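Okay, here's what each chain looks like letter by letter:
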Amino acid sequence: SETEVVIPQTIEGKTVVEIGSLAFDSLDRITSVIIPETVTTIGAKAFYGCTSITSITIPSTVTSVGTSAFYGWNNSQEIILAGRKDIPSGWNAQWNGSCNAKLTYGLIAIIFHSIYLYLKSLPHQQGNLSDFLRLIVSENLFDVPMRHI
């Protein structure tokens, strides 16, 4: 009944480089998955129907993502592409088929997303500051000079 999954970097001395096809198929009790930087491939429909995951960060080491890897995800879920400003060419053109999750680019986005989630959890911070951080975490984050953040 674990709700948080941490994929290890190694299993029995072997490096984990792939999340296989249908690996987490419809496991709706999972709320969080941590993917290590050793992973380079996410298989087709790997996170198919995992509608309880609030957000997932895909490390920049992932160079291949299969068809419909996040099938069924909705607009309250988020996929964070760490250290990227676009989709890598090695990803299947339909990697996000039937997926309505928000897509966030960049390493700094992770920091602001974490701050946003924390502030959102505070009852008195539901307004302006949360809205401000939501605006910062966008696809255009790479265009904002670091000194302005």
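Our structure's up above, just so we're on the same page.
Described in the following lines is the structure provided in the data block. (Residues numbered from 1 in each chain as written. Predicted model: local features only at pLDDT ≥ 70, side-chain atom pairs only at ≥ 80, totals over all residues. Heavy atoms only, no water.)

## Comments concerning the pairing of strand E9 (residues 78–81)
Consecutive side chains along a regular strand alternate between the two faces of the sheet. Side chains of E9 alternate between two faces, with Glu 78 and Ile 80 and Ile 79 and Leu 81 buried alike. Where strand E7 (residues 55–58) lies against E9, 4 bridges are found, and the strand directions are parallel. Note that in E9 the partner of Thr 57 across the bridge is Ile 80. Looking at chain direction, E9 and strand E10 (residues 102–105) are connected through 4 bridges and run parallel. Within the sheet, the bridge partner assigned to Ile 79 lies in E10 and is Leu 103. (Buried < 20%, exposed > 50% of the residue type's maximum accessible area, 1.4 Å probe, protein only. Helix = DSSP H or I, 4+ residues; strand = E, 2+ residues; numbered from the N terminus. Pairing = 2+ DSSP bridges.)

## Quick look at the environment of Ile 53
Positionally, Ile 53 belongs in the loop between strand E6 (41–42) and E7. For the pair Ile 53 and Leu 27, spaced 26 residues apart in sequence, the C-alpha separation works out to 9.5 Å. Once residues within four sequence positions are removed from consideration, Ile 53 is found in contact with Ile 30, Thr 31, Ser 32, Val 33, Phe 47, Trp 73 and Gln 77. (Contact = heavy atoms within 4.5 Å.)

## Overview of the sheet that holds E7
Read across the sheet, 5 strands follow the order E1-E5-E7-E9-E10 without closing on themselves; strand pairing throughout is parallel. In this open sheet, the two strands that pair with only one neighbour each are strand E1 (4–6) and E10. For this sheet the average axis-to-axis angle between neighbouring strands, irrespective of direction, equals 15°. (Axes fitted to C-alpha atoms, helices over the stretch in contact; angles between N-to-C directions.)

## Describing the sheet that holds E6
Paired through their backbone hydrogen bonds, the strands of a sheet run either parallel or antiparallel. On the basis of which strands lie adjacent, the open sheet formed by 3 strands has the order E4-E6-E8 and parallel pairing. Either end of the sheet is taken by a strand with one partner, and the two such strands are strand E4 (18–19) and strand E8 (64–65). Looking at chain direction, E6 and E8 are connected through 2 bridges and run parallel. From the neighbouring strand, Thr 41 faces E8, where its bridge partner is Ser 64.

Remember that the coordinates give geometry; whether it matters functionally is a separate question.
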